[in-house]
There are 2 protein chains.
Amino acid sequence: MKDEKGLLIVLSGPAGVGKGTVCNALRGVDTEIEYSVSATTRQPREGEANGVNYFFKTKQEFEQMIEENKLLEWAKYVDNYYGTPLDYVVETIEKGRDIILEIEVQGAKKVKERYPEGIFIFLMPPSLAELRSRIVGRGTENEDLINKRMTVAREELEMMENYDYVVENDEVDKAVDRIQAIVTAEHCKKDRLIEKYKQLAEVE
Amino acid sequence: MKDEKGLLIVLSGPAGVGKGTVCNALRGVDTEIEYSVSATTRQPREGEANGVNYFFKTKQEFEQMIEENKLLEWAKYVDNYYGTPLDYVVETIEKGRDIILEIEVQGAKKVKERYPEGIFIFLMPPSLAELRSRIVGRGTENEDLINKRMTVAREELEMMENYDYVVENDEVDKAVDRIQAIVTAEHCKKDRLIEKYKQLAEVE
């Protein structure tokens, strides 16, 4: 199995669905998976450490990474760049270790184009109504903004088409269990294993 | 989700790999899955109950079931018939419950022809050498018979091609975990869920 490549697992989903929470919970229980660290040009917030929460880069450094094709995907939000450094992802997979990327849907789409053999998991709230109440629950947005977000969420639902799996985030622990089950099942896929077993049959 | 069909899960693999042991262990921990009960014309052994271990049938009854197309698959081994009654499988799936069939590879092949949308899991020992030692471990077969079984096992390896997943039976508990993970992951498949979510988006 050691010569088998690791899996690239992309966890994505609409804004407010709890990607970060689920990914952190997964990190707490599953040490078999590596976690990709994004690069960004935004300022570190209190308690954030370079190389742990993000790789903090200057605008110039980030633009150089773009130019040198060193990002698996990147995007610009409100004057700041965010992206996934390619090297760590490639190294991890080549070592036969699984790596998970927690990114927004546009980023996931770009990864899919570049690495279609990845495992694409779409994190979903139990309903759009539930999504709405979660966004309202933050208490910082007005009605207009909420409605705008709902429209975006509907568009993002269309994006489910590009994913392999849909995981409901009804409870964080359940979502984590489902993601772990998907990773286990993917490792049991016949296409991944048949060569190994055929070798055993020859050797015997 | 209630209008979703249940999954037909077929657990198969070479003779001596431990299908029955794994299936019994799964039965002990997973009450979400229904277990198919085979029909047979062989005599009940001590402790075996009709409708629990098998549906015990006369030769005439069994042949009538064959004629009336009431078996999902059937085969004859040493003068005795074995088969999977179709009705219980269909009823269970229609109710939205998953059902597991523990059958040998020839039977699995027939189910695949008739119900290709089933989930086909091939149970494998860590190596053919391990398979050999397990068969030897039974202590009742001579060398010739063992060699014959090994040839059969190699042929059965070729059959892996027809399966969706391969589960190593290195430890019974691990095999059970993997099967449960596969069932969970299959329920998360995008193709199974997208219609449900699209409906939610319309309703909102």
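Criteria and thresholds
Residues numbered from 1 in each chain as written. Chains lettered and ligands numbered in written order. Predicted model: local features only at pLDDT ≥ 70, side-chain atom pairs only at ≥ 80, totals over all residues. Heavy atoms only, no water. UniProt positions renumbered as here; feature names shortened; annotations may be inferred. Core = buried A, V, L, I, M, F, W, Y, C linked by side-chain atoms within 4.5 Å. Buried < 20%, exposed > 50% of the residue type's maximum accessible area, 1.4 Å probe, protein only. Contact = heavy atoms within 4.5 Å. Salt bridge = Lys/Arg side-chain N within 4 Å of Asp/Glu carboxyl O. Helix = DSSP H or I, 4+ residues; strand = E, 2+ residues; numbered from the N terminus. 1 Å grid on protein atoms, 1.4 Å probe; cavity = no way out; pocket = protein on both sides within 12 Å on 5 of 7 lines; lining within 4 Å. Points joined across faces, edges and corners; volume = space filled by probe spheres on them. Nonpolar A, V, L, I, M, F, W, Y, C, P; charged D, E, K, R; others polar. Arc of directions from axis to C-beta. Polar contact = N/O pair within 3.5 Å; in protein donor to acceptor, adjacent residues only side chain to side chain. Pairing = 2+ DSSP bridges. Axes fitted to C-alpha atoms, helices over the stretch in contact; angles between N-to-C directions. Parallel < 35°, antiparallel > 145°, perpendicular 65-115°, else oblique. Left-handed = near helix turned anticlockwise from the far one by under 90°.

- Looking up chain A in an unreviewed UniProt entry gives the name Guanylate kinase, with the organism given as Alteribacillus bidgolensis.
- On record in UniProt, under Sequence similarities (unreviewed entry), the comment for chain A is "Belongs to the guanylate kinase family."
- Under the Subcellular location (unreviewed entry) heading, UniProt states for chain A: "Cytoplasm".

**Description of the nonpolar core**
Thought 1: In terms of nonpolar packing, the biggest core is built from 44 residues, with Ile100(A), Ile121(A), Ile100(B) and Ile121(B) touching the most fellow members.
Thought 2: Contacts of Ile100(B), omitting those with residues within four sequence positions, involve Ile9(B), Leu11(B), Cys23(B), Leu26(B), Ile33(B), Glu34(B), Tyr35(B), Ser36(B) and Ile179(B).

**Some details on the pattern of salt bridges**
Thought 1: In the structure shown here, the tally under the stated rule is 20 salt bridges over all chains.
Thought 2: Across the salt bridge formed by Glu161(B) and Lys190(A), the nearest N and O atoms sit 3.8 Å from each other. With Glu161(B) in the loop between α6 (143–159) and β9 (165–168) and Lys190(A) in helix α8 (residues 190–203), this residue pair bridges two chains.
Thought 3: Given a relative accessible area of 37%, Glu161(B) falls into the partly exposed group.

**A look at the environment of Lys70(B)**
Residues and elements named next belong to chain B.
Thought 1: By the secondary structure assignment, Lys70 is in the loop between α2 (59–67) and β5 (71–77).
Thought 2: Judged by its relative accessible area of 37%, Lys70 is partly exposed.
Thought 3: The residues touching Lys70, leaving out its near neighbours within four places in the chain, are Met65, Thr84, Pro85 and Leu86.

**A short note on empty space enclosed by the protein**
Residues and elements named next belong to chain B.
Thought 1: Summed over the entire model, instances satisfying the criterion amount to one cavity of 30 Å³ or more.
Thought 2: If you go around the largest cavity, the residues you meet are Val105, Ala108, Lys109, Lys112, Phe120, Met159, Asn162 and Tyr163.
Thought 3: Across the lining of the largest cavity, the residue classes break down as five nonpolar, one polar and two charged.

**Quick word on the environment of Phe62(A)**
Thought 1: Topologically, Phe62(A) is positioned in helix α2 (residues 59–67).
Thought 2: Not counting residues within four places of it along the chain, the set of residues in contact with Phe62(A) comprises Ala39(A), Thr40(A), Thr41(A), Lys57(A), Leu71(A), Trp74(A), Tyr81(A), Tyr82(A) and Gly83(A).

**A few points about helix α4 (residues 105–114) of chain A**
Residue and element names in this part refer to chain A.
Thought 1: Buried residues of α4: Val105, Gly107, Ala108 and Val111, and no others. An end-on view of α4 places all buried positions within 155° of arc, on one side of the element.
Thought 2: The backbone nitrogen of Gln106 lies 3.1 Å from a side-chain oxygen of the residue at the head of α4, namely Glu104.

**Quick notes on the pairing of strand β6 (residues 80–85) of chain A**
All names here are of chain A.
Thought 1: The sheet contact formed by strand β3 (residues 39–40) and β6 spans two bridges and is antiparallel. Bridge assignment links Ala39 to a residue of β6, and that residue is Gly83.
Thought 2: Following strand β5 (residues 71–77), the chain reverses through two residues before pairing antiparallel with β6; Val78 in that reversal takes a positive phi of roughly 40°.

**Section: the UniProt feature "binding site: ATP" (unreviewed entry) in chain A**
Residues and elements named next belong to chain A.
Thought 1: Feature annotation in UniProt places "binding site: ATP" (unreviewed entry) on Gly13, Pro14, Ala15, Gly16, Val17, Gly18, Lys19 and Gly20, given in this structure's numbering.
Thought 2: By relative accessible area, which is 42% here, Ala15 ends up partly exposed.
Thought 3: Summarising the element assignment, Gly16 is placed in the loop between β1 (8–12) and α1 (19–29).

**So, the packing of α1(A) against helix α7 (residues 172–187) of chain A**
Residue and element names in this part refer to chain A.
Thought 1: It is the contact of α1 with α7, at a shortest axis distance of 9 Å, that shows an interaxial angle of 65°. As judged from the angle between their axes, α1 and α7 are roughly perpendicular. Read as a crossing pair, α1 and α7 show a hand that is right-handed. Residues Thr21, Val22, Ala25, Leu26 and Val29 of α1 form the contact with α7, whose participating residues are Val172, Ala175, Val176, Ile179 and Gln180.
Thought 2: Classifying every residue of the contact of α1 with α7 gives eight nonpolar, two polar and no charged.

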